[in-house]
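Listed below are the residues making up each chain.
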Amino acid sequence: MKTRIGFYPGSFDPVTYGHLDIIARAARLVDHLVLGAGVHYGKPGLLAPDVRLALLKDAATPLAAKAGVKLTLITFDGLAVDAARKAGAGLIIRGLRDASDFDYEVQMGQMNAAMDPTIETVFLAAGPGTRMIASSLVKQIAAMGGDISAFVPDQSAAAIRQAIAERA
Ligand code: ADP
């Protein structure tokens, strides 16, 4: 049988419990999950790409092991659809939190389908316990001294606190 490869792209700046919910569920749909941390040169983000990737790897590895799927992590700097094709993925996985995610993600999925009709985008509705989590808000809360332990793994929280302290 053909190996089903799924590609889940994102900024993962940093990885949150929302992303991890999608990763755990996506791992049940594929044989091989490829996680891609997008690098935008015009939009550097808070954490360096290698730090984002290391946090993602540590958090996702036990989830992939539990589901019994192969896990690969990459950074990419172009179109997600190109990175998916390069990874051999037939599926792009995206999470949907609310109506604004829906509008943006469906449009993006359709444009990706126009660019490569062989790659299907699969949307997973955010889990009820993690739906409100956004990396951008986590960073804002941390910058204002708030507790972010309910939203991100401890290692992500420590990396965010360190990056914010270095910026100050
Ligand atoms: P963010 O939008 O928080 O900066 P990313 O750019 O890393 O996150 O998002 C990558 C993908 O993960 C997108 O499809 C996004 O909708 C999804 N995602 C982000 N946060 C969540 C969450 N809390 N629950 C489900 N999906 C999420």
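Refer to the preceding data block for the structure.
Not measured: the values here are computed from a predicted model.

**Some remarks on unusual backbone geometry**
Phase 1: Following D13, the chain continues to P14 via a peptide bond in cis, the omega torsion being 0°.
Phase 2: Looking at the element boundaries, P14 is found in the loop between β1 (5–10) and α1 (17–26).
Phase 3: Even without being a glycine, F12 presents a positive backbone phi close to 50°.
Phase 4: With respect to the helices and strands, F12 occurs in the loop between β1 and α1.
Phase 5: On the basis of relative accessible area, F12 is assigned to the buried category, the value being 1%.

**Section: the layout of surface pockets**
Phase 1: Each pocket or cavity is described by its volume, and for the largest pocket that value is around 1,000 Å³.
Phase 2: In terms of lining, the largest pocket is formed by 44 residues, of which the most central are P9, G10, S11, R94 and E105.
Phase 3: Taken together, the elements giving at least two residues each to the lining of the largest pocket come down to β1, α1, α3 (80–86), β4 (91–96), α4 (99–115) and α5 (135–143).
Phase 4: Volume-wise, the second largest pocket comes out at about 230 Å³.
Phase 5: If you go around the second largest pocket, you meet 14 residues; those closest to its centre are K2, T3, R4, I5 and G90.
Phase 6: Partitioning the lining of the second largest pocket into residue classes produces five nonpolar, four polar and five charged.

**Notes on the packing of α1 against helix α2 (residues 49–67)**
Phase 1: At their nearest, the axes of α1 and α2 sit 9 Å apart, and the two run at 35° to each other. With respect to the hand of their crossing, α1 and α2 are arranged in right-handed fashion. On the side of α1, the interface is formed by L20, I23 and A24, while α2 contributes L56, A59, A60 and L63.
Phase 2: Taken together, the residues that form the contact of α1 with α2 break down as seven nonpolar, no polar and no charged.

**Observations regarding the side chain of D13**
Phase 1: Here D13 lies in the loop between β1 and α1.
Phase 2: If sequence neighbours within four positions are ignored, D13 has contacts with G45, L46, L47, R52, S135 and K139.

**As for α5**
Phase 1: Taken as a whole, α5 has its buried residues at S135, V138 and A142. Angularly, the buried residues of α5 cover 55° about the axis, an arc narrow enough to put them on a single face.
Phase 2: Among the structural elements, α1 and α6 (154–167) are those in contact with the buried residues of α5.
Phase 3: After α5 finishes, the residue G145 shows a positive phi value of roughly 85°.

Conventions adopted
- Residues numbered from 1 in each chain as written.
- Predicted model: local features only at pLDDT ≥ 70, side-chain atom pairs only at ≥ 80, totals over all residues.
- Heavy atoms only, no water.
- Helix = DSSP H or I, 4+ residues; strand = E, 2+ residues; numbered from the N terminus.
- Buried < 20%, exposed > 50% of the residue type's maximum accessible area, 1.4 Å probe, protein only.
- 1 Å grid on protein atoms, 1.4 Å probe; cavity = no way out; pocket = protein on both sides within 12 Å on 5 of 7 lines; lining within 4 Å.
- Points joined across faces, edges and corners; volume = space filled by probe spheres on them.
- Nonpolar A, V, L, I, M, F, W, Y, C, P; charged D, E, K, R; others polar.
- Axes fitted to C-alpha atoms, helices over the stretch in contact; angles between N-to-C directions.
- Left-handed = near helix turned anticlockwise from the far one by under 90°.
- Contact = heavy atoms within 4.5 Å.
- Arc of directions from axis to C-beta.

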